[in-house]
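# Close look at the chain arrangement
If you want the building blocks of each chain, they are given just below.
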Amino acid sequence: MKMQALAIAFMSAVTLGGLAWVFLYPLLSGEKKAEKRRESFARPEPVRRADRAQQRSRREQVEETLKEVEERHKKARNIQITTRITQAGLSWSKQQFIIGSAILGIMACGIPYLLGMALFPALAFGIAAGVGLPRWVLGFLKKRREKKFINALPDAVDVIVRGIKAGLPLFDSIKVVTADSPEPLRSEFRAIVETQSIGMPLGDACQKLYERMPLPEANFFGIVIAIQTKSGGNLSEALGNLSKVLRDRKKMAAKIQAMSMEAKASAAIIGALPPLVMIMVYLMSPDYMSLLWTHPTGRLMLAGSAIWMATGVFVMKKMINFDF
């Protein structure tokens, strides 16, 4: 019995000693306080929370800016005729454009009718000329103006970057671009300066550039300026990266154009071959080909061939035009 009692006492003492070592010794020796002190130096909780809050606020500002730009682009899908005229670089009003289109349509309808064409084909020709031709001219002028803008934009961004690194404010750097850049870049950046001068924030004024010049490059520029003005950061570095991206996109567009020239030449040859063969056969045997426009069945066949040829040309154009 004595040995059993001694064993129980020994085990109880060891258990109590172990519990005291685990729970009481860190408090009595100061080890718990030292551990807390080391943790406070290793992971400062208030600073970490502040950094996370700052990063979160910056991320939220960037997300809000991108959402605003996306919503603005969705609203701008239905482009009005006045906006198209502005994008083409013309100073016409909406009334002048409509009057000019109506005069062109009347002339395109009246001249063939006076020369002996039937009323319905002449009317269809006049409607097509009055509605489609002016809009095609606007699209052509718009693309030509956009091409000039893209070619000059990287140099303008480099000028802004050098001005910021030299200590100039962003607004003054944009003024330098308006003084030295070619058209249409000069007029577009002058519009930014004038818009900002009447009280609009500079970020919003730069985002308005996309409405007048609907290009991804202009969109990139507006987004960079808007984000930097709202959330801060190294503006010269951001614009420098933007300049590099713009130049890389320009190189990629030139590379795509060079690689697609063979396909474009093949499409042009295939599209021009049937009319050329028709003209050559008509020159050698006029009576053989004249049945296409003198006989009703020949006219029907000629109209069907024109429709199929137009469809083929349209499909080939879609196949060889690459967007990136």
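Preceding this section is the structure that the text describes.
Residues numbered from 1 in each chain as written. Predicted model: local features only at pLDDT ≥ 70, side-chain atom pairs only at ≥ 80, totals over all residues. Heavy atoms only, no water.

Per the secondary structure count, the chain includes 15 helices and zero strands. Within the chain, the fraction of its 324 residues that count as buried is 26%. Sequence separation of at least 24 residues holds for 61% of the intrachain contacts in the chain that already meet a minimum separation of 6. Roughly 22700 Å² of accessible area belongs to the chain as shown, and the carbon and sulfur atoms make up 65% of that amount. (Helix = DSSP H or I, 4+ residues; strand = E, 2+ residues; numbered from the N terminus. Buried < 20%, exposed > 50% of the residue type's maximum accessible area, 1.4 Å probe, protein only. Contact = heavy atoms within 4.5 Å. Areas by Shrake-Rupley, 256 points an atom, 1.4 Å probe, with all protein chains shown as cover.)

Further remarks concern the environment of Asp 155. Considering the arrangement of structural elements, one finds Asp 155 in helix H6 (residues 119-165). For the pair formed by Asp 155 and Val 177, sequence separation is 22 residues and the distance between their alpha carbons is 9.2 Å. Within the local environment of Asp 155, its side chain forms a polar contact with the side chain of Arg 247, the two groups lying 2.9 Å apart. (Polar contact = N/O pair within 3.5 Å; in protein donor to acceptor, adjacent residues only side chain to side chain.)

Considering all chains together, one arrives at three aromatic pairs under this definition. An angle of 15 degrees between the planes, with centres 5.8 Å apart, marks the rings of Trp 136 and Phe 140 as stacked. One end of the pair is Trp 136 and the other is Phe 140, both in helix H6 and four residues apart, which spans about a single turn. By relative accessible area, Trp 136 is classed as exposed at 58%. Owing to a relative accessible area of 44%, Phe 140 belongs among the partly exposed residues under this scheme. (Phe/Tyr/Trp six-rings, centres within 6.5 Å; stacked < 30°, edge-to-face > 60°.)

Ranked by size, the top nonpolar core spans 31 residues in total, and within it Ile 160, Phe 189, Phe 221 and Leu 239 carry the most contacts. For this core, the element with the most residues is H6, which contributes eight residues. The residues contacting Ile 160, other than those within four sequence positions of it, are Leu 170, Ser 173, Ile 174, Val 177, Phe 189, Phe 221 and Leu 239. Within the second largest apolar cluster, six residues are counted, among which are Ile 81, Ile 85, Ala 88 and Leu 138. (Core = buried A, V, L, I, M, F, W, Y, C linked by side-chain atoms within 4.5 Å.)

The end-to-end C-alpha separation of helix H12 (residues 235-284) is 70 Å, in line with the 74 Å expected for 50 residues at 1.5 Å each. Residue Ser 260 marks the point of greatest curvature in H12, where the axis turns by about 45 degrees. Turning to H12, its buried residues number three or more, namely Leu 235, Ser 236, Ala 238, Leu 239, Leu 242, Ser 243, Leu 246, Arg 249, Ile 256, Ser 260, Ala 267 and Gly 271. For H12, the elements touching its buried residues are H6, helix H7 (170-180), helix H11 (216-231) and helix H15 (296-320). (Expected span 1.5 Å × (residues − 1). Bend = angle between axes of the 7 residues up to and from the residue.)

Between its terminal C-alpha atoms H11 stretches 22 Å, which fits the 22 Å expected from 16 residues at 1.5 Å a residue. When you tally the buried positions in H11, you get twelve out of 16 residues, the bulk of the element. Within the sequence span of H11, burial applies to Glu 217, Ala 218, Asn 219, Phe 221, Gly 222, Ile 223, Val 224, Ile 225, Ala 226, Ile 227, Gln 228 and Ser 231. Gly 233, located one to two residues past H11, shows a positive phi value of around 125 degrees.

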